[in-house]
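Structural overview for review
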Amino acid sequence: MILYPAIDLKDGQCVRVLHGDLDTATVFNTSPAAQAASFVESGFHWVHVVDLNGAVQGKAVNEKAVEAILEAVSIPVQLGGGIRSLKDVERWIEAGVSRVILGTVAVTEPQIVREAARLWPEQIAVSVDVRAGKVATQGWTESSDLDAVTVAKRFEDAGVGALIITDIDRDGTVMGFNVEAFGAIADAVAIPVIAAGGLATIDDIVKIKARKGVPIAGAVLGRALYNGAINPEEALKVAA
């Protein structure tokens, strides 16, 4: 299972927020590039980056911070937040992003996701952000009437590299993974699932690896990594 340390960008800084609410942001590093480099030193093989301002505004906002991260590390970077068009996708892939994450357009304009996956096979991920059982959009500020499996199945045969399923109700809370919810989605679709939202301790990684059914392909590490509740070396050993 691949572990994805998260860098959430707000106003050029590396932050963590609660339930996606930008007003709850806690700054953990004023240099996202330095934070990314420290994750490489800790042994991680990917970095998960989200432009929080961009997700809400529907366009790239923290471009300089993302570019600095790409310059600072040689490991793959997956990027989401405010990417709404094929032109946006192309721009970031050309800049060196290994996997582009599409969320809002997966609900509102699924044809963009399908075309992006056709043009850049395995380099597109779909972000499915779930609040109270329904998929949220626009940086989690709006809700749809669709459930996660319905959205995920739209892209079953499209060549999407991964589904990033975020449990908004637990995001930033460090209250533990909802293993069964993630597992149910992994069992329902053929696309690899990356779990996000609520990871609290090494035990969450143990539980999600131990569940019966289709294996969860990855997990995003956020606040628990920043506050020291998770030791990177130990987490990577358990996930391997």
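For the structure given in this document, a descriptive report is provided here. (Residues numbered from 1 in each chain as written. Predicted model: local features only at pLDDT ≥ 70, side-chain atom pairs only at ≥ 80, totals over all residues. Heavy atoms only, no water.)

1. Here's the deal with the pairing of strand β3 (residues 21-29)
In the sheet, strand β2 (residues 13-18) pairs with β3 via four bridges, with the strands oriented antiparallel. The residue bridging valine 15 from the neighbouring strand is valine 27, located in β3. Connecting the antiparallel pair β2 and β3 is a turn made up of two residues, with histidine 19 showing a positive phi of about 55 degrees. (Pairing = 2+ DSSP bridges. Helix = DSSP H or I, 4+ residues; strand = E, 2+ residues; numbered from the N terminus.)

2. Topic: helix α9 (residues 202-210)
Buried within α9 we find Ile202, Asp204, Ile205 and Ile208. Projected down its long axis, α9 carries its buried residues within an arc of 160 degrees, all on one side. Buried residues along α9 sit in contact with β1 (2-10), α8 (179-188), β11 (193-196) and α11 (232-239). (Buried < 20%, exposed > 50% of the residue type's maximum accessible area, 1.4 Å probe, protein only. Arc of directions from axis to C-beta. Contact = heavy atoms within 4.5 Å.)

3. A closer look at the packing of α9 against α11
Packing of α9 against α11 leaves a shortest axis separation of 9 Å and a crossing angle of 10 degrees. If you check the angle between α9 and α11, you find them roughly parallel. Residues Ile202, Ile205, Val206 and Lys209 of α9 touch α11, and the partners they reach there are Glu234, Ala235, Val238 and Ala239. For the contact of α9 with α11, the class distribution of residues is six nonpolar, no polar and two charged. (Axes fitted to C-alpha atoms, helices over the stretch in contact; angles between N-to-C directions. Parallel < 35°, antiparallel > 145°, perpendicular 65-115°, else oblique. Nonpolar A, V, L, I, M, F, W, Y, C, P; charged D, E, K, R; others polar.)

4. A look at the packing of aromatic side chains
For the coordinates displayed, the defined rule picks out five aromatic pairs. Ring geometry for tyrosine 4 against tryptophan 46: centres 5.6 Å apart, planes inclined by 50 degrees, an arrangement best described as tilted. Highlighted residues: tyrosine 4 in strand β1 and tryptophan 46 in the loop between α1 (32-41) and β4 (47-51), separated in sequence by 42 residues. Relative to phenylalanine 44, the ring of phenylalanine 39 lies with its centre 5.9 Å away and its plane at 90 degrees, an arrangement referred to as edge-to-face. Given the relative accessible area of 2%, phenylalanine 44 is considered buried. Taken together, the ring pairs connect Phe28, Phe39, Phe44 and Tyr226 into an aromatic cluster. Against the face of tryptophan 46 rests arginine 99, its NZ or CZ located 4.5 Å from the ring centre. (Phe/Tyr/Trp six-rings, centres within 6.5 Å; stacked < 30°, edge-to-face > 60°. Lys NZ or Arg CZ within 6 Å of the ring centre and 35° of its normal.)

5. Concerning unusual backbone geometry
Even without being a glycine, aspartate 11 presents a positive backbone phi close to 50 degrees. Residue placement: aspartate 11 occurs in the loop between β1 and β2. Its relative accessible area of 53% is what places aspartate 11 among the exposed residues. For glutamate 122, which is not a glycine, the phi torsion comes out positive at approximately 65 degrees.

These results come straight from atomic positions and should not be treated as a statement about function.
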